[in-house]
Amino acid sequence: MAKLLSVFGRARLARVLDPVGSALVRAGISPNTVTVAGTLGVVIGCVGFVTRGHLLTGLVIVTLSCLTDLIDGAMARARGTASTFGAFLDSTMDRVADGAIFGALAFWLGTTGHPWPAAAALLALILGQVVSYAKARAEGLGLTCNVGIAERPERLILIGIGGLLAGLGVPYGLDAVLWLLVVLSAVTVWQRVAHVYRQAS
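Description of the structure in this document. (Residues numbered from 1 in each chain as written. Predicted model: local features only at pLDDT ≥ 70, side-chain atom pairs only at ≥ 80, totals over all residues. Heavy atoms only, no water.)

Looking at empty space enclosed by the protein
Heads up, the condition is: We place a 1 Å grid over just the protein atoms. Points where a 1.4 Å probe fits but has no way out form a cavity, open points with protein on both sides within 12 Å along at least 5 of 7 lines form a pocket, and any residue with an atom within 4 Å of a point lines it. Grid points are joined across faces, edges and corners, and a volume is the space filled by probe spheres set on the points. Counting from the N terminus, the helices are the DSSP runs of H or I reaching at least four residues and the strands are the DSSP runs of E reaching at least two. Under the grouping applied here, Gly and all other residues not named as nonpolar or charged are polar, the nonpolar ones being Ala, Val, Leu, Ile, Met, Phe, Trp, Tyr, Cys and Pro and the charged ones Asp, Glu, Lys and Arg.
This model, assessed by the stated rule, comprises two cavities of 30 Å³ or more. Quantified by volume, the largest cavity comes out at close to 80 Å³. When residues of the lining of the largest cavity are traced back to their parent elements, those giving at least two are helix H3 (31–48), helix H4 (55–66), helix H5 (68–79) and helix H6 (84–111). Counting residues per element, the lining of the largest cavity draws most heavily on H3, at four residues. Looking at the lining of the largest cavity, its residues break down into four nonpolar, five polar and four charged. Computed from the structure, the second largest cavity encloses a volume of approximately 50 Å³. Surrounding the second largest cavity, Asp98, Phe102, Ala124, Leu125, Gly128, Gln129, Arg152, Arg155 and Leu156 form its lining. At the level of elements, H6, helix H7 (115–140) and helix H8 (152–167) are the ones that each hand at least two residues to the lining of the second largest cavity. For the lining of the second largest cavity, the leading source of residues is H7, giving four residues. Classifying every residue of the lining of the second largest cavity gives four nonpolar, two polar and three charged.

In structure tokens, the structure reads:
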């Protein structure tokens, strides 16, 4: 995954998750099944709980569901092969999960009289999708685009912190995180556009 996992230690995570991935492969479960199940978990946590303001419960469900991003990678290592369709499915499901997370937050904020943070959630969603699209489009053109200060893992960790602050009743904690995400995502879009421009030129 992205930069933050390097900070926490890829090797350490692999030692924990590789046995889990191997056990699931032996049980006949495919990485694609785990990917879809994780996305469904995120959607259920967001639609069932975040939209009703149960942020801490939603945060726990979404966090556990997002761990499938790591588990399906461990399963691919256990199988000794990475599927092209699996990579496509994983990226597609990531977009669905991001939409559920930020869409649910925008809905809850907008229906409880908080229009500005709701707008920030929508902007963060749009810019986050552009960040991902910019990389995919660049790679489709044969260019590289592995730059940016706020890739998906960083954005998810930040919004998780925001949800935790809101769930604990910290005033304006979620608002501040959402607007920070808007700024960081906009900077990341600019970084990726500039990076591709330099290559294309």
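Don't stop here, the text continues.
A word on H7
What counts is decided by this rule: A helix is expected to span 1.5 Å for every residue after the first. Burial classes: relative accessible area under 20% of the type maximum marks a residue as buried, over 50% as exposed, and values in between as partly exposed (1.4 Å probe, protein chains only). Contacts between residues were defined by any pair of non-hydrogen atoms, one from each residue, lying within 4.5 Å.
For H7, built from 26 residues, the straight-helix expectation of 38 Å at 1.5 Å per residue is met to within 8% by its first-to-last C-alpha distance of 37 Å. For H7, the set of buried residues is Pro117, Ala118, Ala120, Ala121, Ala124, Leu125, Leu127, Gly128, Val131, Ser132, Ala134 and Ala138. Where H7 is buried, its residues meet H6, H8 and helix H9 (173–200). Just downstream of H7 lies Gly142, where phi reads positive at about 85 degrees.

Points about the pattern of salt bridges
Cut-off, in case you're wondering: The salt bridge criterion pairs a side-chain nitrogen of Lys or Arg with a carboxyl oxygen of Asp or Glu, the two atoms within 4 Å.
The tally for this structure, following the rule as stated, stands at four salt bridges. The salt bridge partner of Arg152 is Asp94, with a shortest N-O separation of 3.3 Å. With Arg152 in helix H8 and Asp94 in helix H6, this pair connects stretches of sequence that are 58 residues apart. The exposure class of Asp94 is buried, given its relative accessible area of 12%. Where Asp98 meets Arg95, a salt bridge forms, and the shortest distance between an N and an O atom there is 3.6 Å. Of this pair, Asp98 and Arg95 are both found in helix H6, three residues apart, which corresponds to roughly one turn of the helix. Relative accessible area serves as the criterion here: at 6%, Asp98 is assigned to the buried category.

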